[in-house]
There are 2 protein chains.
Amino acid sequence: MTENYFLSENNIPYREFFHFGLSVDCVIFGYQNGQLKLLLIKRGADPFKGRLALPGDLVSIDEALDDSATRILKHLTGIDNIFLEQFQTFGSVVRHPAGRVVSVGYFSLVKSENYLPIASGWAETVDWVNISEAQELAFDHDEILAEAIKTLKRKVQTEPVGFELLPEKFTLAELQNLYEQILGSKFDKPNFRKKIMGINLLTPLEEIQENVAHRPAKLYSFNKEEYSRLKKKGLGSIFQNIE
Amino acid sequence: MTENYFLSENNIPYREFFHFGLSVDCVIFGYQNGQLKLLLIKRGADPFKGRLALPGDLVSIDEALDDSATRILKHLTGIDNIFLEQFQTFGSVVRHPAGRVVSVGYFSLVKSENYLPIASGWAETVDWVNISEAQELAFDHDEILAEAIKTLKRKVQTEPVGFELLPEKFTLAELQNLYEQILGSKFDKPNFRKKIMGINLLTPLEEIQENVAHRPAKLYSFNKEEYSRLKKKGLGSIFQNIE
DNA sequence: TCAAAAGTGTTCCGAATACACCCATGC
DNA sequence: GCATGGGTGTATTCGGAACACTTTTGA
């Protein structure tokens, strides 16, 4: 399929243009102990050997972009079976010392406790790092991360988030804390509860917290049907919809 | 900068991976005579010669992605000085007959009347086409267009739209029609007016319509400062924001 | 009995909705 | 005058925001 009889307008065979590298970088958010986390590797190979970096690698020539993201993440961290979503592509000229590499950013949300990463490939170590400590990353990964965080904040406003990050059973305070962590602000407790209970999203369980030095909180789980329905449909709109 | 002493983990020099083509495709929305339009070229070269297609071409190896989109659009259509925004990257394996080409989608909104496109390069013709007639495009451009329309609908909900599409002076009915065209639904006139006037977005002019067989409508223009402020800040949020 | 966090209720206000109605123009 | 679309006012409902209050636990 790489035949070169197609000519571009200045009579250069198309193949002459085919000297790009293509990579994928994965921004994997987790949540544990009330902290928003990020999955980072320490690079065991040049360039940027020893630096923290997003899990990412070059795409193979016969591999679809989405498949590549899944493969690379599994290969570097052992993490598998998660939903990776493309969010932005980074294409400045000098982002990689080995040549012209354009990188496609993918992001995902997972329960970090369920995914103990195992370093392999050229990853020296892999760890869940607090968001605030994810700085001075390799390549332009600081920029990629910043864009991923913007995307996450936007998503939180328009679709439900939490099922992917929280354990099976959780308290309303934990859910509220998660939202506060992501958006970097505080909410009024009574109003948060009312709003979240207003949509039919949570299923109250017959269980409560144990061994806490205060009134134990009720546990909830997500109503999966309603959750995925709202994922698709979204949470609100600016303009009324008559029809 | 394309030295090959960096080795990937299986000892293949990085350069061996550098066989991707990279392209840019532009989805340019316009608006004229109450119709949402799309800028399409008829391809004058293989592959897909004679088919309608989004303006797009291969990126040069030493050219940043955003710059490339601007250059390619200008080269094919003569259109210049517009804001192009990246929205999604398309990376399935078989989208281009000449080899593995990954394409980055860009989109923009313009006043079609201000941009009379002139075909050049391998574009045989360039025209503003009604959205509904943009079908069976070359390559996977149907899919790219579908994603661009989704993006546009999402944008309309979260930031002001219209300054880029409407003429300098316009009526409230025209603005409402634009929103209805984009979202594919009808709004209540009094409520639309109240909502749009509630934000300090429009400047009423001392002019009215002429030669219409009914009460002439007042003309408005956009308040540019407030418009760009709301572009950045957004229009609403689901959760309250306490500091 | 006290601290700490869970959980509830109530009031206020502004925005969204659904209408009914009036106004200016060309024919 | 009348058809046509422009433009306004209002009553009602709903949801967000603010905040006071009660409840349950461990120590």
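Residues numbered from 1 in each chain as written. Chains lettered and ligands numbered in written order. Predicted model: local features only at pLDDT ≥ 70, side-chain atom pairs only at ≥ 80, totals over all residues. Heavy atoms only, no water.

> Looking at this structure, I do not really get the nonpolar core. What am I missing?
One recurring pattern in soluble globular proteins is that nonpolar side chains are buried together. Ranked by size, the top nonpolar core spans 54 residues in total, and within it A:Ile28 and B:Ile28 carry the most contacts. With sequence-adjacent residues up to four places away left out, B:Ile28 is seen in contact with B:Lys37, B:Leu38, B:Leu39, B:Leu73, B:Ile82, B:Leu84, B:Ser108, B:Val110 and B:Trp128. (Core = buried A, V, L, I, M, F, W, Y, C linked by side-chain atoms within 4.5 Å. Buried < 20%, exposed > 50% of the residue type's maximum accessible area, 1.4 Å probe, protein only. Contact = heavy atoms within 4.5 Å.)

> Would you mind going over the domain arrangement of chain A with me for this structure?
Much of the literature gives interface size as the accessible area that the parts lose upon coming together. Residue and element names in this part refer to chain A. Here the domain parsing of chain A yields domain 1 (20-157) and domain 2 (159-233). Contacts between domain 1 and domain 2 engage 15 residues on the former and 14 residues on the latter. The contact between domain 1 and domain 2 buries some 1400 Å² in all, and 62% of this surface belongs to carbon and sulfur atoms. Glutamate 159 serves as the salt-bridge partner of lysine 155, at 3.7 Å between the closest nitrogen and oxygen. In this structure, the connection of domain 1 to domain 2 is made through seven residue pairs in polar contact (both at pLDDT 80 or more). Elements supplying a minimum of two residues to the side of domain 1 that touches domain 2: strand 1 (21-32), strand 2 (35-43) and helix 2 (141-158). Per element, the largest residue contribution to the side of domain 1 that touches domain 2 is five residues, and it comes from helix 2. For the side of domain 1 that touches domain 2, the residue count by class is seven nonpolar, four polar and four charged. (Domains from an automatic or database assignment. Buried area = accessible area lost by both parts, 1.4 Å probe. Salt bridge = Lys/Arg side-chain N within 4 Å of Asp/Glu carboxyl O. Polar contact = N/O pair within 3.5 Å; in protein donor to acceptor, adjacent residues only side chain to side chain. Helix = DSSP H or I, 4+ residues; strand = E, 2+ residues; numbered from the N terminus. Nonpolar A, V, L, I, M, F, W, Y, C, P; charged D, E, K, R; others polar.)

> Help me understand the packing of aromatic side chains, please; the structure alone is not making it clear to me.
Ring pairs (aromatic) are described by centroid distance and by the angle formed between their planes. Under the counting rule described, the total for this entry stands at 20 aromatic pairs over all chains. On the numbers, 4.7 Å between centres and 55° between planes, the contact of A:Phe48 with A:Phe139 is tilted. Of this pair, A:Phe48 sits in the loop between strand 2 and strand 3 (52-53) while A:Phe139 is found in the loop between strand 7 (123-130) and helix 2, placing the two residues 91 residues apart along the sequence. An angle of 80° between the planes, with centres 6.2 Å apart, marks the rings of B:Phe29 and B:Phe107 as edge-to-face. Separated by 78 residues along the polypeptide, B:Phe29 in strand 1 (residues 21-32) and B:Phe107 in strand 6 (residues 101-109) bring together distant segments of the chain. Residues B:Phe29 and B:Phe107 agree in their burial class; the two are buried. Taken together through their ring pairs, the aromatic side chains of A:Phe29, A:Phe87, A:Phe90 and A:Phe107 make up a single cluster. Above the face of the A:Phe163 ring, A:Lys111 is positioned so that its terminal group lies 4.9 Å from the ring centre. (Phe/Tyr/Trp six-rings, centres within 6.5 Å; stacked < 30°, edge-to-face > 60°. Lys NZ or Arg CZ within 6 Å of the ring centre and 35° of its normal.)

> What's the story with the pattern of salt bridges in this structure? I'm lost.
Side chains that differ in sign of charge can pair as their charged atoms come close. All names here are of chain A. Summed over the entire model, instances satisfying the criterion amount to 24 salt bridges over all chains. With a closest N to O distance of 3.9 Å, aspartate 25 and arginine 95 form a salt bridge. One end of the pair, aspartate 25, is in strand 1; the other, arginine 95, is in the loop between strand 5 (85-90) and strand 6 (101-109), and 70 residues separate them in sequence. Each of the two residues, aspartate 25 as well as arginine 95, counts as buried. The partner of lysine 74 in a salt bridge is aspartate 80, with the nearest N and O atoms 3.1 Å apart.

> What is the right way to look at the pairing of strand 2 (residues 35-43) of chain B in this model?
Note on strand geometry: in a regular strand, side chains alternate between the two faces of the sheet. Residues and elements named next belong to chain B. Most of strand 2 sits out of view: seven of its nine residues are buried. As defined by bridge partners, strand 1 adjoins strand 2 across four bridges and the pair is classed as antiparallel. Note that in strand 2 the partner of tyrosine 31 across the bridge is leucine 36. If you look at the hairpin formed by strand 1 and strand 2, you'll find two residues sitting between the two strands, and asparagine 33 has a positive phi there, around 55°. Judged from the seven bridges that link them, strand 2 and strand 7 (residues 123-130) form a sheet pairing that is antiparallel. In the strand pairing of strand 7, leucine 40 is matched with aspartate 127. By the bridge criterion, two bridges tie strand 2 to strand 3 (residues 52-53) in an arrangement that is antiparallel. From the neighbouring strand, lysine 42 faces strand 3, where its bridge partner is leucine 52. (Pairing = 2+ DSSP bridges.)

> How do you make sense of helix 1 (residues 65-77) of chain A when you look at a structure like this?
Residue pairs three or four apart in sequence face the same way in an α-helix, which turns once every 3.6 residues. Residues and elements named next belong to chain A. Taking 1.5 Å as the rise per residue, helix 1 with 13 residues should run 18 Å; its terminal C-alpha atoms sit 18 Å apart, in good agreement. Within the sequence span of helix 1, burial applies to Leu65, Ser68, Ala69, Ile72, Leu73, Leu76 and Thr77. One side of helix 1 holds all its buried residues, which, seen down the axis, span an arc of 125°. (Expected span 1.5 Å × (residues − 1). Arc of directions from axis to C-beta.)

> Whenever I open this one, the environment of B:Asn177 confuses me. Can you help?
Residues and elements named next belong to chain B. Of note, asparagine 177 is situated in helix 3 (residues 172-183). Separated by 159 residues in sequence, asparagine 177 and phenylalanine 18 have C-alpha atoms that sit 48 Å apart. Ignoring any residue separated from it by four or fewer positions in sequence, one finds asparagine 177 in contact with Tyr31 and Gly34.

> Can you help me understand the confidence of the model for chain A in this one?
In regions of low pLDDT, the predicted coordinates are not meant to be interpreted in detail. Residue and element names in this part refer to chain A. For chain A, the mean per-residue pLDDT works out to 88, and 90% of the residues sit at or above 70. Of all helices and strands in chain A, the one with the weakest mean pLDDT is helix 5 (residues 224-233) (89), whereas strand 5 scores best (98). Segment residues 1-5: pLDDT under 50, and 13 contacts once partners within four positions in sequence are set aside and those in other chains are kept. (pLDDT = per-residue confidence, 0-100.)

> Whenever I open this one, the packing of helix 2 of chain A against helix 3 (residues 172-183) of chain A confuses me. Can you help?
Angle between the axes and distance between the axes: these two values describe a pair of packed helices. Residues and elements named next belong to chain A. Closest axis-to-axis distance for the helix 2/helix 3 pair is 9 Å, and the angle between their directions is 135°. Regarding the angle of helix 2 to helix 3, the classification is oblique. In this structure, helix 2 crosses over helix 3, and the sense of that crossing is left-handed. On helix 3, the residues touching Leu152, Lys153, Val156 and Gln157 of helix 2 are Tyr179, Ile182 and Leu183. Split into classes, the residues belonging to the contact of helix 2 with helix 3 amount to five nonpolar, one polar and one charged. (Axes fitted to C-alpha atoms, helices over the stretch in contact; angles between N-to-C directions. Parallel < 35°, antiparallel > 145°, perpendicular 65-115°, else oblique. Left-handed = near helix turned anticlockwise from the far one by under 90°.)

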